[in-house]
Amino acid sequence: MTAYNVTARRWKRGWELHIDGVGVTQARGLGEAESMARDYIESLTGRDASGSTIVITPEVGDGLDEKARAAREAVAAADRATREAAARSRQVARDLKAAGLSGRDIAAVLRISAQRVSQLLRSA
């Protein structure tokens, strides 16, 4: 399977799609960039690109690319923190249950609802 890297650069009529090693085409919106790049690759190479991986990297400029990257990283970090918190909550709920606490007492200790305690213990 072949992978193609495409840099999408904004311009007044849409996006220029710079396909590494192939050439440049365009799309009106990023939503159609992959299919436009795939069609362009097929037209120039004569090969079926339906199984190829197309990686679109938008470039907006004016510092917005860095801001978007930082926002994506913050979301990913928040997701990791949420997963870690859930894992810790499941473990401590199990430990509290093993120590003989009731579901309501576990809820009070963890400051969560009794229903959430039930979910944590079920997923353990």
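Everything below is about the structure printed above this text.
Let me begin by describing the structure that accompanies this report.

The rules behind each value
Residues numbered from 1 in each chain as written. Predicted model: local features only at pLDDT ≥ 70, side-chain atom pairs only at ≥ 80, totals over all residues. Heavy atoms only, no water. Helix = DSSP H or I, 4+ residues; strand = E, 2+ residues; numbered from the N terminus. Expected span 1.5 Å × (residues − 1). Buried < 20%, exposed > 50% of the residue type's maximum accessible area, 1.4 Å probe, protein only. Arc of directions from axis to C-beta. Contact = heavy atoms within 4.5 Å. Pairing = 2+ DSSP bridges. Axes fitted to C-alpha atoms, helices over the stretch in contact; angles between N-to-C directions.

## Quick look at helix α1 (residues 33-45)
In an α-helix, one full turn covers 3.6 residues, which means residues spaced three or four apart are oriented alike.
At step 1: Between its first and last C-alpha atoms α1 spans 18 Å; for 13 residues at 1.5 Å apiece the expected length is 18 Å, and the two agree.
At step 2: Among all positions in α1, only A33, A37, R38 and I41 are buried. The arc enclosing the buried residues of α1, seen along the axis, measures out at 130°, which places them on a common side.
At step 3: In the core, the buried residues of α1 are packed alongside β1 (3-11), β2 (14-19), β3 (23-27) and β4 (53-59).
At step 4: At the exit of α1 stands G46, carrying a positive phi of roughly 75°.

## A word on the sheet that holds β1
At step 1: Overall, mixed pairing links the four strands, which are arranged β3-β2-β1-β4 in an open sheet. The sheet terminates laterally at β3 and β4, the two strands that pair on one side only. When strand polarity is set aside, the average angle formed by the axes of neighbouring strands in this sheet is 30°.
At step 2: By the bridge criterion, six bridges tie β1 to β2 in an arrangement that is antiparallel. The residue bridging T7 from the neighbouring strand is H18, located in β2.
At step 3: The strands touched by α1 within the sheet are β1, β2, β3 and β4, with β3 carrying the most contacts at an inclination of about 140°.

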